[in-house]
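Listed below are the residues making up each chain.
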Amino acid sequence: MRRGWFLPVTATLGFAFLYAPIISLVVFSFNESRLVTVWSGFSTKWYGELFADPQMLGAAWLSAQVAFVSATIALVLGTLCAVALVRFKRFRGRTVLAGTVSAPLVMPDVITGLALLLLFVAMEATLGWPAGRGLVTIIIAHSTFCMAYVTVVVQSRLTDLDLSLEEAAMDLGATPVRVFFDITLPIIAPALVSGWLLAFTLSLDDLVIASFVSGPGSSTLPMVIFSKVRLGVSPDVNALATIIIGIVALGVFAATLLQLRSRPKKARS
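First things first, this report covers the structure right here in the doc. None of these values were measured; they are calculated from a predicted model. Along every chain, residues carry numbers that run from 1 in the direction the sequence is written. Given that this is a predicted model, residues contribute local features only at a pLDDT of at least 70 and side-chain atom pairs are listed and counted only at 80 or more, while totals for whole chains, interfaces and linings are drawn from all residues. For the side-chain quantities, the full set of heavy atoms in the structure was used; hydrogens and water were omitted.

### Let's talk about the overall build of the protein chain
Note the threshold: Each helix corresponds to a stretch of at least 4 residues labelled H or I by DSSP, and each strand to a stretch of at least 2 residues labelled E; elements are numbered beginning at the N terminus. In this description the radius of gyration comes from C-alpha coordinates, and the expected globular size is given by 2.2 Å times residues to the power 0.38. The contact criterion used throughout is that any non-hydrogen atoms of two residues lie within 4.5 Å. Under the convention used here, a 1.4 Å probe and the Shrake-Rupley method define accessible areas, while residue burial counts only the protein chains that appear. We count Lys and Arg on the positive side and Asp and Glu on the negative side, and we leave His and both chain ends out. To locate a charge, take NZ of a lysine, CZ of an arginine, CG of an aspartate or CD of a glutamate.
Counting secondary structure elements, the protein chain contains 13 helices and 0 strands. Helices (α) and strands (β) of the protein chain occur, in sequence order from the N terminus, as α-α-α-α-α-α-α-α-α-α-α-α-α. The C-alpha radius of gyration of the protein chain comes to 23 Å, more than 25% above the 18 Å expected for a compact globule of 269 residues. Taking the principal axes of its C-alpha atoms as reference, the protein chain extends roughly 75 × 65 × 40 Å. Sequence-distant contacts in the protein chain: of pairs separated by 6 or more residues, those separated by 24 or more amount to 66%. Working note: accessible area of the protein chain is about 16900 Å², and carbon and sulfur atoms make up 71% of it. Taking the average location of the 19 positive side-chain charges in the protein chain and that of its 14 negative ones, the two points are 9 Å from each other.

Printed below as a string of structure tokens:
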């Protein structure tokens, strides 16, 4: 009997610990008062102030640009690294490549950000590029550490890929390039999408590395939110968080519907 009560109670407490703060954040985003802990009435004025705040909107647009470009670059480079590590078992520098790709996964963000900052400063002093820190340096930094996550995701899918499919295509006269684009790429497409979404999320969420490699006029959304929270939580931050939660919830809901519709009818029943 004790065992029957233990798991439900533990699960309930765990989910309450995770989601109660999020629910509280959403509720107080509709609070009329500026104090985020005192409820004084229902209002949507903070959403209006959020969309009238040029700093917040500019930071959100910059973060979206950085995340999109960084995730795309990381997807291309990470896929190439995964193919090299899985398909070419022996080549000069393989151990170095594997270690280099894995390093950002275990390296503290502070160390990564500081190392990239020193690299950009040295490059500017010797090559004259990049001229200062801004959008370009943030994209390079985010692409660097996001590439490691994409490589791990794509590499795991390539490892489980049935090589007989590619061998059959080559026996029928297909070139290795056509085999990759017509056979391999469609099969690993879910891993590519997962890797891109993971890289996009990591880039959008990053604060530490972006703080090192950014400059004046290139503050990302997490940096702006952190600067606001340091002076006290503002209701417009709650409104922004609620919008992000809503977008994520809609994405998860849409993905679940597509997954359910793609299942065979027998599996549903």
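### Some details on the nonpolar core
If you look at soluble globular proteins, the nonpolar side chains tend to sit buried side by side. Filter applied, for reference: Side-chain atoms within 4.5 Å link the members of a nonpolar core, which is a set of buried Ala, Val, Leu, Ile, Met, Phe, Trp, Tyr and Cys residues. Only protein chains enter the accessibility calculation, which uses a 1.4 Å probe; a residue whose area is less than 20% of its type maximum is buried, one above 50% is exposed, and one in between is partly exposed.
One finds Ala 74, Leu 116, Val 150, Val 154, Leu 158, Ala 199 and Val 213 to be the most contacted residues of the largest nonpolar core, which totals 28 residues. Contributions of two or more residues to this core are made by helix H3 (54-87), helix H5 (109-126), helix H6 (135-159), helix H9 (189-205) and helix H10 (208-213). Excluding anything up to four places from it in sequence, Val 150 contacts Ala 74, Leu 75, Gly 78, Thr 79, Gly 195 and Ala 199. Ranked by size, the runner-up nonpolar core spans 9 residues in total, among them Leu 50, Val 224, Ala 239 and Leu 240.

### Some remarks on the side chain of Asp 206
Note the cut-off: The salt bridge criterion pairs a side-chain nitrogen of Lys or Arg with a carboxyl oxygen of Asp or Glu, the two atoms within 4 Å.
Relative to the helices and strands, Asp 206 is located in the loop between H9 and H10. Of the side chains with opposite charge, Arg 133 comes closest to the buried, unpaired Asp 206, at an N-O distance of 14 Å. Not counting residues within four places of it along the chain, the set of residues in contact with Asp 206 comprises His 142, Phe 145, Thr 220 and Pro 222.

### Thoughts on the state of the cysteines
Just so we agree on the cut-off: By disulfide we mean two sulfur atoms from cysteines, separated by a distance within 2.5 Å.
Scanning the entire structure with this criterion turns up 0 disulfides. Summary of cysteine pairing: Cys 81 is not part of a disulfide, and the nearest cysteine sulfur, belonging to Cys 146, is at 14 Å. Residue Cys 81 is classed as buried on the basis of its relative accessible area, which comes to 12%.

### Section: helix H12 (residues 235-262)
Turn by turn, an α-helix covers 3.6 residues, leaving residues three or four places apart pointing in a common direction. Rules: The span expected for a helix works out to 1.5 Å for each residue beyond the first.
With 28 residues, H12 should cover 40 Å at 1.5 Å per step; its first-to-last C-alpha distance of 41 Å lies within 8% of that length. Of the positions making up H12, those classed as buried are Pro 235, Asp 236, Val 237, Asn 238, Ala 239, Leu 240 and Thr 242.

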